[in-house]
Amino acid sequence: MYDYEKLYVVFSKIAANMGLTLIEMNGGGKQPKPPFVAFDIINPHIRLNFLEDDGNRAFECVVSFTVYAVDKLHALNLTNQLREKLNEVDSWDFYDKNHIVLVERMDPNVRYLPEAGNYATMVGFDARLRLQADEKEVPYQIDHIDLNLKGE
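Given the structure is predicted, the values throughout are model-derived calculations rather than measurements.

Procedures and definitions
- Per chain, residues are indexed from 1 in the order of the written sequence.
- In keeping with the predicted nature of the model, local features appear solely for residues at pLDDT of at least 70, side-chain atom pairs appear and are counted solely at 80 or more, and the whole-chain, interface and lining totals rest on all residues.
- Excluded from the side-chain calculation are hydrogens and water; included are all heavy atoms of the structure.
- Remark: nonpolar core denotes a set of buried residues (Ala, Val, Leu, Ile, Met, Phe, Trp, Tyr, Cys) joined through side-chain atoms within 4.5 Å.
- Here the term buried applies to any residue with accessible area under 20% of the maximum for its type, exposed to any over 50%, and partly exposed to those in between, with areas from a 1.4 Å probe on protein chains only.
- Strands here mean DSSP runs of E at least two residues long; helices mean DSSP runs of H or I at least four residues long; both are numbered from the N terminus.
- Only heavy atoms matter for contacts: two residues are in contact if any of them lie within 4.5 Å across the pair.
- Criterion used throughout: strands pair if DSSP finds at least two bridges between them.
- By salt bridge we mean one thing: a side-chain nitrogen of Lys or Arg within 4 Å of a carboxyl oxygen of Asp or Glu.

Colleague: A description of the nonpolar core should follow, citing residues and the corresponding values.
Modeller: Counting 28 residues, the largest nonpolar core has Leu7, Phe11, Val63 and Phe65 as its most contacted members. When residues of this core are traced back to their parent elements, those giving at least two are α1 (5-17), β2 (36-46), β3 (58-68), α2 (72-85), α3 (89-97), β4 (100-105) and β8 (122-132). When sequence neighbours within four positions are dropped, the list of residues in contact with Val63 reads Leu7, Phe39, Asp40, Ile41, Ile42, Phe125, Asp126, Ala127 and Leu129. Core analysis: the second largest hydrophobic core is formed by five residues, Met25, Phe36, Ala38 and Met122 among them.

Structural data, given as structure tokens:
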């Protein structure tokens, strides 16, 4: 089992290093003032091979980053900066501590959302991550078996 909250923690720290607030895409509550980043987990579990339970706890997932800004050029620039920030050494420290590997950063694209007849200015990109599920807890484990029969 994987705790996806780790992704929110890691990427909110990276966004904060750029002076941006990271929120959950389509999350409840009031949106912050632009610019800010919306984060979403698009595909939470992609198997690495065709076997469902091969003992390998690694899997991949696709996440989405969408930058909201007042104008399109500002959103484009912030998106490119965030995209580069994900591949910098200081971000790798966050990844290592949380067993995350950045596999791929996809190209940015302009994203529009109908809002009361207008369009909001958003630019975003997706990223593919390799994650590792946490160890399964064993409720009862036999540590030692004595095969020598005594007293019979």
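Colleague: Account for the pairing of β8, naming residues and giving values.
Modeller: The element β8 is extensively covered by neighbouring structure, given that eight of its eleven residues are classed as buried. Of the strand pairs in this sheet, β3 and β8 are connected by eleven bridges, and their pairing is antiparallel. Opposite Phe65, over in β8, you have Phe125 as the bridge partner. Here β4 runs beside β8; their pairing, made up of five bridges, is antiparallel. Pairing of Val101 across the sheet is with Arg130, part of β8. The pairing of strand β5 (residues 109-111) with β8 spans three bridges and is classified as antiparallel. If you follow Arg111 over to β8, its bridge partner there is Met122.

Colleague: Outline the pattern of salt bridges, listing residues and values.
Modeller: In this structure the tally under the stated criterion is eight salt bridges. Across the pair Glu60 and Arg130 runs a salt bridge, and its minimum N-O distance is 2.3 Å. With a gap of 70 residues between them, Glu60 in strand β3 and Arg130 in strand β8 connect regions that are remote in the sequence. Glu60 gets classed as buried once you look at its relative accessible area, which sits at 5%. On the accessibility criterion, Arg130 (35% relative accessible area) is partly exposed. If you follow the salt bridges from partner to partner, you end up with Arg83, Glu84, Arg105 and Asp107 in one network.

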